[in-house]
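# Architecture and fold: a report
Given next are the chains, with one letter for each unit.
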Amino acid sequence: MEPILETRKLSCVYSQGTPFEHKALIDVDFQAYPGEYVGIIGHTGSGKSTLIQHLNGLLKPTSGQVLLHGKDIWESKQSVREAKFHVGLVFQYPEYQLFEETVYQDIAFGPKNMKLSADEIDRRVHEAAAFVGLTERHLKKSPFELSGGQKRRVAIAGVIAMEPEVLILDEPTAGLDPAGRDAILANIHKYHEARNATIILVSHSMEEVARSVDRIVVVNDAQIPFTGTPREVFSHSQELRKMGLGIPQVTQVFQRLKAMGLPIEDDCVYTMEEAKAVLMALYRKEVG
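Residues numbered from 1 in each chain as written. Predicted model: local features only at pLDDT ≥ 70, side-chain atom pairs only at ≥ 80, totals over all residues. Heavy atoms only, no water.

### Comments concerning the sheet that holds strand β6 (residues 87-90)
Taken in spatial order, the six strands of this open sheet run β6-β7-β8-β3-β9-β10, and their pairing is mixed. Two strands close off the open sheet at either side, each with one partner strand: β6 and β10 (223-228). Strand after strand, the sheet turns through a mean of 20° between neighbouring axes, direction not considered. Looking at chain direction, β6 and strand β7 (residues 166-170) are connected through four bridges and run parallel. Looking across to β7, one finds that Val87 is bridged to Val166. Packed onto the sheet, helix α2 (residues 77-86) meets β6 and β7 and runs at close to 60° relative to β6. Along the sheet, helix α7 (residues 178-195) makes contact with β3 (37-41), β7 and β8 (198-202), crossing β8 at roughly 155°. (Pairing = 2+ DSSP bridges. Helix = DSSP H or I, 4+ residues; strand = E, 2+ residues; numbered from the N terminus. Axes fitted to C-alpha atoms, helices over the stretch in contact; angles between N-to-C directions. Contact = heavy atoms within 4.5 Å.)

Structure, rendered in structure tokens:
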């Protein structure tokens with residue numbers, strides 16, 4: 001299968017040629033495939049935010065390429081513009097970017113820029129609102145009357161309404177309480193399942209990534225040292241700790257239990273569902 005979105009030898013240098021020169025990305029090769037749910041993890045300053053801002057043409061590479069369906073998005077002004085519609089990017093704390101008088105108008109802003117018909121815009125607004133759990137009553141309100149979690153949903157709906165093939169979310173649950181975090185992740189999962197869109201989730205929460213994604217990309221010191229399934233990535237616990245990253249708490253617990261002598265064959269447990277299955281198997285073995 002060919003990647004829907006990829007980078008080839010992507011490098012980004014800020015303030016090049018000055019005393020403040022900083023290499024944010026160095027020869028990065030990244031791929032995302034149709035329908036895939038990808039997690040990107042890395043410590044603050046690792047380069048992950050710089051990477052995702054290149055994926056829809058917000059930043060131009062110092063060198064290297066960003067390819068959408070095999071075509072360099074910087075081939076022309078038109079291709080850069082099209083990339084912004086095909087690759088949707090939701091920034092961290094996106095609710096601070098709301099500005100229209102009503103929720104409906106805020107969600108409709110992107111589709112209007114796509115020069116769509118009024119009927120098509122209306123369809124997209126209502127479908128996007130439904131994906132994130134907003135009702136007709138919400139659509140008529142000012143976004144500034146809503147709670148923080150509801151504002152976050154409006155901002156995400158505004159990007160979903162453009163029906164991007166790739167949806168990138170930078171820390172979409174930052175600052176939310178547990179219920180709010182679970183609701184946002186469920187909304188994203190619903191969109192992923194319904195549209196088979198490619199999702200790229202940037203997160204500091206190892207638990208959040210572990211239970212959501214198909215594959216994890218680790219960013220460290222402006223490069224990608226390794227990528228793999230959650231099980232594969234979290235098996236590199238020592239390397240992740242050296243990078244300033246952790247592993248899910250449940251994984252730490254099971255590694256500790258194994259070190260204490262419990263007969264746990266596989267200590268790379270990274271979700272509560274897996275933990276329950278392993279513990280139940282141990283219990284049956286003991287009582288059986």
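### Description of the pairing of β10
In this sheet, β10 lies alongside strand β9 (residues 215-220) in antiparallel orientation, the contact comprising four bridges. For Ile216, the partnering residue across the bridge sits in β10 and is Gly228. What sits between the antiparallel neighbours β9 and β10 is a turn of two residues, in which Asp221 has the positive phi angle 50°.

### Examining the environment of Ile41
Its location among the elements puts Ile41 in strand β3. Given a relative accessible area of 0%, Ile41 falls into the buried group. Along the primary structure Ile41 and Met206 are separated by 165 residues, whereas in three dimensions their C-alpha atoms are 8.1 Å apart. The residues touching Ile41, leaving out its near neighbours within four places in the chain, are Lys48, Ser203, Met206, Val209, Ile216, Val217, Val218, Val219, Leu240 and Leu245. (Buried < 20%, exposed > 50% of the residue type's maximum accessible area, 1.4 Å probe, protein only.)

### Let's talk about the pattern of salt bridges
In total, this model carries 13 salt bridges according to the counting rule given. The salt bridge partner of Glu75 is Lys71, with a shortest N-O separation of 3.9 Å. By relative accessible area, Lys71 is classed as partly exposed at 38%. (Salt bridge = Lys/Arg side-chain N within 4 Å of Asp/Glu carboxyl O.)

### A word on the side chain of Ser46
Relative to the elements of secondary structure, Ser46 occurs in the loop between β3 and α1 (48-54). At 2.9 Å, the side chain of Ser46 and the backbone oxygen of His43 are in polar contact. Those residues in contact with Ser46, other than ones at most four positions away along the chain, are Ala24, Val219, Asn220, Asp221 and Ala222. (Polar contact = N/O pair within 3.5 Å; in protein donor to acceptor, adjacent residues only side chain to side chain.)

### As for the environment of Glu82
Among the secondary structure elements, Glu82 is positioned in helix α2. For Glu82, a relative accessible area of 34% translates into the label partly exposed. The spacing of Glu82 and Asn56 is 26 residues in sequence and 8.9 Å in space, taken between C-alpha atoms.

### Some thoughts on the nonpolar core
Counting 50 residues, the largest nonpolar core has Ile107, Val218, Phe234 and Leu240 as the members making the most contacts within it. Among the elements that line this core, the one with the most residues is helix α6 (residues 148-160), at six residues. Every residue in contact with Phe234, bar those within four places of it in the chain, is listed here: Met206, Ala210, Ile216, Leu240, Gly246, Ile247, Pro248, Gln255, Cys268 and Tyr270. Judged by nonpolar contacts, the second largest core, of 26 residues, contains Phe30, Val38, Val66 and Ile168. (Core = buried A, V, L, I, M, F, W, Y, C linked by side-chain atoms within 4.5 Å.)

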